[in-house]
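Results of the structural survey
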2 protein chains.
Amino acid sequence: MSSPCSRHPHPHRLIQQPLTELTEKLRSKSRKITAPRQAILEVLRRHQHPITNKEIHTALGTADCDLATVYRNLHTLEDMGMVRRFDFGDGVARFELLEEGDDGHHHHLVCTGCSAVVEVEGCFPTELELALARRHGFTRVTHKLEFFGLCPKCAPAAPASP
Amino acid sequence: MSSPCSRHPHPHRLIQQPLTELTEKLRSKSRKITAPRQAILEVLRRHQHPITNKEIHTALGTADCDLATVYRNLHTLEDMGMVRRFDFGDGVARFELLEEGDDGHHHHLVCTGCSAVVEVEGCFPTELELALARRHGFTRVTHKLEFFGLCPKCAPAAPASP
DNA sequence: TTCTCTGCAAACGCTTTGCATTTCA
DNA sequence: TGAAATGCAAAGCGTTTGCAGAGAA
């Protein structure tokens, strides 16, 4: 890919951060380390693609807590910069745990058939974004970019197309 | 901008299509030309940026119809390819009327302060998208891309930043 | 007359919120 | 003890849907 941006240090989303490191971050901002919160972090740590509140809630299993608590915690974690919100355009928020020092800026290729997700290394070229900002006098410009298509498994089901 | 895509024949969104041409398109697909439908098309024709169902409903004024009718009509128009849906990530669908022959693929720069919208000429380089599709074996790959930032009017309100 | 569309009202799914209670520090 | 977090239930919001009646072809 010709012009990947530099904001993307963790292309494989393998969260190496131990749970203790995560809870430490909570402690440092005087947030309490509760059972639901730890369980939610564990679920996020195990998943390498964005997951919804409901999926998190289901994945909690024994460590079950109220769905509202999941929502509240994801807001908290987002505010603290520990988690990043993604929008696949289906009206449901999805979240990924962030590695230390990663701002989480990256994109996905989502199968419109089976919802399989591939993490994308490329990014909208930064120069284009800067040019755009300059041209219209905007500051603090970012972008949201997601790709959609049919994965190899789902492709045969649909009529031929490039 | 280095690599604009070719799918964007109408950068200024000045809808020149007369209402009769639009209703003709409806007629050709055996959809009825009703008062609410005409009024909705008129509203869309007058607006050069994506607007929400509720905004359309409000803009109807005297030609008022049920909000559900607005929703239903925008689905119909979308299915017919006369309108394109956009998602600014705030959980509300927005629509733009399409010119004949335009598939509506373009992007926006949205002010996070006042919601001002600028239509963007640039696009994610097609070659990158194709490379991405090839690499992961996906077909029919498209993307959703929107830019967000602070417009000149809203910039002073926030602390200095590039 | 037939098929589509509309209004109305109810329901839906995701998300947020108020409040009393519990839990962590 | 005090601040923060939780469970529960209700509400909020955008959107969809069922149904009976109205309207276009």
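Here's what I pulled together on the structure shown here. (Residues numbered from 1 in each chain as written. Chains lettered and ligands numbered in written order. Predicted model: local features only at pLDDT ≥ 70, side-chain atom pairs only at ≥ 80, totals over all residues. Heavy atoms only, no water.)

**Remarks on the side chain of K25(A)**
All names here are of chain A. Following the sequence through the fold, K25 ends up in helix α1 (residues 19-28). Residue K25 is classed as buried on the basis of its relative accessible area of 19%. At a separation of 3.2 Å, a polar atom in the side chain of K25 contacts the side chain of E100. Residues contacting K25, with those up to four places away along its chain left out, are Q17, M80, M82 and E100. (Helix = DSSP H or I, 4+ residues; strand = E, 2+ residues; numbered from the N terminus. Buried < 20%, exposed > 50% of the residue type's maximum accessible area, 1.4 Å probe, protein only. Polar contact = N/O pair within 3.5 Å; in protein donor to acceptor, adjacent residues only side chain to side chain. Contact = heavy atoms within 4.5 Å.)

**With respect to the sheet that holds strand β4 (residues 107-111) of chain B**
One open sheet accounts for 6 strands, arranged β5(A)-β4(A)-β6(A)-β6(B)-β4(B)-β5(B); its pairing is mixed. Since the sheet does not close on itself, it has two edges, and those belong to β5 (117-120) of chain A together with β5 (117-120) of chain B, each with one partner. Shown here is a sheet whose adjacent strand axes are inclined to one another by a mean of 25 degrees, direction ignored. Pairing of strand β4 (residues 107-111) of chain A with strand β6 (residues 139-150) of chain A, which is carried by 3 bridges, proceeds in the parallel orientation. Bridged to V110(A) within β6(A) is F148(A). Sheet contacts for helix α5 (residues 126-136) of chain A: β6 of chain A together with β4, β5 and β6 (139-150) of chain B; angle to β6(A), the most-contacted strand, approximately 130 degrees. Its contacts with the sheet put helix α5 (residues 126-136) of chain B on β4, β5 and β6 of chain A together with β6 of chain B, and the angle it makes with β6(B) is roughly 130 degrees. (Pairing = 2+ DSSP bridges. Axes fitted to C-alpha atoms, helices over the stretch in contact; angles between N-to-C directions.)

**Quick notes on the relation of the copies chain A and chain B**
In screw terms, the move from chain A to chain B is a rotation of 180 degrees and a rise of 0.0 Å along the axis, fitting with an RMSD of 0.1 Å. Read as a symmetry element, the transformation amounts to a two-fold axis. Among all residues of chain A, the one whose C-alpha sits closest to the rotation axis is L145(A), at a distance of 2.2 Å. A symmetric contact is evident, with 98% of the interface residues of chain A recurring at the interface of chain B. (Least-squares fit on C-alpha atoms with pLDDT ≥ 70 in both.)

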